[in-house]
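A closer look at the structure
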Amino acid sequence: MIHKFSQNGVNIVIDVYSGAVHMLDDTAYEALNYFEIHNEDSIIEILSDKYSRDEIIEALDELKYLKEQGLLFSENPYHNWQKVKEEKSIVKALCLHAAHDCNLRCKYCFASTGDFGHSRGLMSLETAKKAIDFLLANSGSRKNLEVDFFGGEPLMNFDVVKETVKYGRKREKELGKNIRFTLTTNGMLLNDEIMDFVNKNMSNLVLSIDGRQEVNDRVRYRIDGSGTYKHILPLIKAAADSRNQENYYVRGTFTRHNLDFAEDVLHLADLGFKQVSVEPVVASADKDYALRNEDVETICKEYERLAAEFIKRHKEGKGFNFFHFQLELDNGPCISKRLKGCGAGDEYLAITPEGEIFPCHQFVGNDKFLMGNVNDGKLNEDVRGIFKDSNIFNKDKCKECWCKFYCSGGCSANAWMYNSDINIPYKLGCELQKKRVECALVVKAVLCD
């Protein structure tokens, strides 16, 4: 299986099963259209009005060589790969909901403004410690583990965050483990004390802002309806600078109200942020800000525009990192991760303030997917099995998709939201993911050429 496309004057061909990515000249790129269905003489005749005989023969020789080396039209080596099912399940990461409450009322919040559709509350230190113990007890022989403090707004429960990290450091030493702590925050409560703690203890920091002031304040506002941009901007800028512009992301969401979201990405870059992520909203079709199928073409063109500007700025020495354009081709994810994705519901779990266990933060509040409670340490293996068995070869729409090893079948929560089945991917999300991967490959090809 191959996928070919042209963008920004670059011809890219992906050999899906080998993972090889090729940049081809126009002759070879066009010859590839006929390579598997016509003989050499026929291809020469078909292309003779555009290219010379020698150019066509040289291109065909190049394509033949790539195929012989297993780098073009390679066979699927994973179709009957059973190791995913055979692997013993371990827990590698927790999303620790320190607070089911928030000081904002963001319009598109999937967490129902912080309470996840239930009562508001803060996680107790006792529950947080049990969550750490649960992670350590279920991590098997794995040494490196992750805990992300999430919400709501986790800094509303900062004392528990601090004490949980302290407890985790104590327990990891006892067991020879290493816990990588991260924090996701809207930035409203940041101050010098918190940032000092974060910089000493958090491996990564996610700071929420949507871009331009008018875009941000339309959907990210306080309880009284006032905007947040002017308040958080100096705080999150200071936070990013205090981390030397590394090991953090400013993370935004774009909606139907700002399909020109490249402007928001560039706005954040112009403010001096070097690590930027602006992602599409996921919302039910009845919301006025929800993305629609008719928006896909516009959004894809915007990604292309962003990629062109991204390349230009890097060449000018004014580069920044954009999350969706980061693509590792040399030492990418292991086979299991390529087939299964983030591991939600199996290797990655979310813990509520009451200690309830869910497959991930986006399933929290959906009792159909309640998996247990850290207070007794037991997991519903039936629910876990549904997620463990979910992989790209169990998803009919993924089997013939060229992008499957890049997206690993997409987000299970989004699939459930739109199709009530974690094995039926969210179509609009798939189309945007494919475009992002194409743009990322073009960026890599041009900047590494």
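The text that follows walks through the structure, step by step, so that each part is easy to find. (Residues numbered from 1 in each chain as written. Predicted model: local features only at pLDDT ≥ 70, side-chain atom pairs only at ≥ 80, totals over all residues. Heavy atoms only, no water.)

1. Some details on the pattern of salt bridges
By the definition in use, this model includes 33 salt bridges. Glu 309 is paired through a salt bridge with Arg 313; the nearest N and O atoms lie 2.9 Å apart. A residue pair is termed a helical-turn pair when its members lie 3 or 4 positions apart in one helix, as Glu 309 and Arg 313 do in helix α11 (residues 296-315) at four residues. The exposure class assigned to Glu 309 is partly exposed, which follows from its relative accessible area of 22%. What makes Arg 313 buried here is its relative accessible area of 12%. In this structure, a network of salt bridges that share partners links the residues Asp 133, Lys 170, Arg 171 and Glu 174. (Salt bridge = Lys/Arg side-chain N within 4 Å of Asp/Glu carboxyl O. Helix = DSSP H or I, 4+ residues; strand = E, 2+ residues; numbered from the N terminus. Buried < 20%, exposed > 50% of the residue type's maximum accessible area, 1.4 Å probe, protein only.)

2. Digging into the sheet that holds strand β1 (residues 2-7)
The strand order across the open sheet built from three strands is β1-β2-β3, with neighbouring strands paired in antiparallel fashion. For this open sheet the edge positions go to β1 and β3 (21-23), each flanked by a neighbour on one side alone. Strand after strand, the sheet turns through a mean of 20° between neighbouring axes, direction not considered. In this sheet, strand β2 (residues 10-15) lies alongside β1 in antiparallel orientation, the contact comprising six bridges. Directly across from Ile 2, in β2, lies its bridge partner Asp 15. (Pairing = 2+ DSSP bridges. Axes fitted to C-alpha atoms, helices over the stretch in contact; angles between N-to-C directions.)

3. A word on the packing of aromatic side chains
For the structure shown, the criterion picks out 17 aromatic pairs. Between Tyr 249 and Phe 323, the aromatic rings sit 5.5 Å apart at their centres with planes inclined by 90°, giving edge-to-face as the arrangement. Here Tyr 249, found in strand β10 (residues 248-254), pairs with Phe 323, found in the loop between β12 (321-322) and α12 (335-340); they are 74 residues apart in sequence, far enough to count as distant. For the pair Phe 254 and Phe 261, a centre-to-centre distance of 4.0 Å together with 10° between the ring planes defines the contact as stacked. (Phe/Tyr/Trp six-rings, centres within 6.5 Å; stacked < 30°, edge-to-face > 60°.)

4. Topic: the sheet that holds strand β15 (residues 372-373)
Sheet architecture is open: 11 strands sit in the order β12-β11-β10-β9-β8-β7-β4-β13-β14-β15-β16, paired in mixed fashion. Each end of this open sheet is capped by a strand with a single partner; those strands are β12 and β16 (378-379). Sheet topology note: the strand β11 (residues 275-280)/β12 ladder contains two bridges and is parallel. Pairing of Val 276 across the sheet is with Phe 322, part of β12.

5. A short note on the pairing of β1
If a strand is regular, its side chains alternate between the two faces of the sheet. Alternating residues of β1 divide into His 3, Phe 5 and Gln 7, all buried, and Ile 2, Lys 4 and Ser 6, none buried. Between β1 and β2, which follow one another and run antiparallel, lie two residues, and Asn 8 among them has a positive phi close to 55°.

6. A few points about the state of the cysteines
Applying the stated rule across the entire model yields zero disulfides. The structure places no disulfide on Cys 300, whose sulfur is separated from the nearest cysteine sulfur, that of Cys 439, by 8.0 Å. Take Cys 439: its relative accessible area is 0%, and that puts it in the buried class. (Disulfide = S-S within 2.5 Å.)

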